[in-house]
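# Inside the fold
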Amino acid sequence: MSEAPAEIVNVPDLDEVLWQAWKAMELPEGYRAEIIEGVTNRMRRALDKFLDGGEYACHQDVNVIHNRKAWIPDAFVAPEDTEPCGDEDDMGVRADFVHLPKARASATSTLEAGG
């Protein structure tokens, strides 16, 4: 006798689970929760496809500098060549050159940039 496969009922999608977990976190001031795999990688791949062939590109692991403060967003959009976008101390990309992706209501990822 074989068992019928179990039916999965009322399972929220990954995006909803991540959103609810992020909203429920209570971190001390100055701390940031980060989900570094999966969601960010999916967003990066989608942005790469969308921006392909244009003058802008998706970047990761780069300091964004504004008024002598720095943060490293999970991903951001800036000119493909970031060399002319650098800050005066060559510590990263100036914030005025950065475009953060906007999440849709049914977004596949959440981008949180402190600052």
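All values reported here derive from a predicted model rather than from experimental measurement.

What follows is about the pattern of salt bridges. If you walk through the whole model with that rule in mind, you get three salt bridges. Among the ionic pairs, Arg 44 bridges to Asp 48, the shortest N-O distance being 3.2 Å. On the criterion of helical spacing, the pair formed by Arg 44 and Asp 48 is a turn pair, its members being four residues apart in helix α2 (residues 39-51). A residue is classified by how much of its surface remains accessible, and Asp 48, at 34% relative accessible area, is partly exposed.

This paragraph deals with unusual backbone geometry. Even without a glycine there, the phi angle at Asp 61 is positive, about 55°. Among the structural elements, Asp 61 can be located in the loop between β1 (56-59) and β2 (64-66). Despite not being glycine, Arg 68 shows a phi value in the positive range, around 60°. As for its placement among the helices and strands, Arg 68 is situated in the loop between β2 and β3 (69-71).

Turning our attention to the confidence of the model for the chain. Across the chain, the average pLDDT comes to 76, with 71% of residues at 70 or higher. Mean pLDDT values over the elements of the chain span from 74, in helix α1 (residues 14-24), up to 94, in strand β5 (residues 93-94). Below a pLDDT of 50 lies the segment residues 103-115, which in the model reaches 21 contacts outside its immediate sequence neighbourhood of four places, other chains included.

Definitions and limits used
- Residue positions within a chain follow its written sequence, with the count starting from 1.
- Two thresholds apply to this predicted model, a pLDDT of at least 70 for residue-level local features and 80 or more for giving and counting side-chain atom pairs, whereas whole-chain, interface and lining totals are computed over all residues.
- The basis for the side-chain values is all heavy atoms of the structure; hydrogens and waters are excluded.
- Any carboxyl oxygen of Asp or Glu within 4 Å of a side-chain nitrogen of Lys or Arg constitutes a salt bridge here.
- Helix and strand definitions here come from DSSP, where helices need a minimum of 4 consecutive H or I residues and strands a minimum of 2 consecutive E residues; each element is numbered from the N-terminal end.
- Remark: exposure states derive from per-residue accessible area (1.4 Å probe, protein chains only) relative to the maximum for the residue type, with buried under 20%, exposed over 50%, and partly exposed in between.
- Every residue carries a pLDDT, the predictor's confidence in it, which falls somewhere between 0 and 100.
- Only heavy atoms enter the contact rule, under which two residues are in contact if any of them lie within 4.5 Å.

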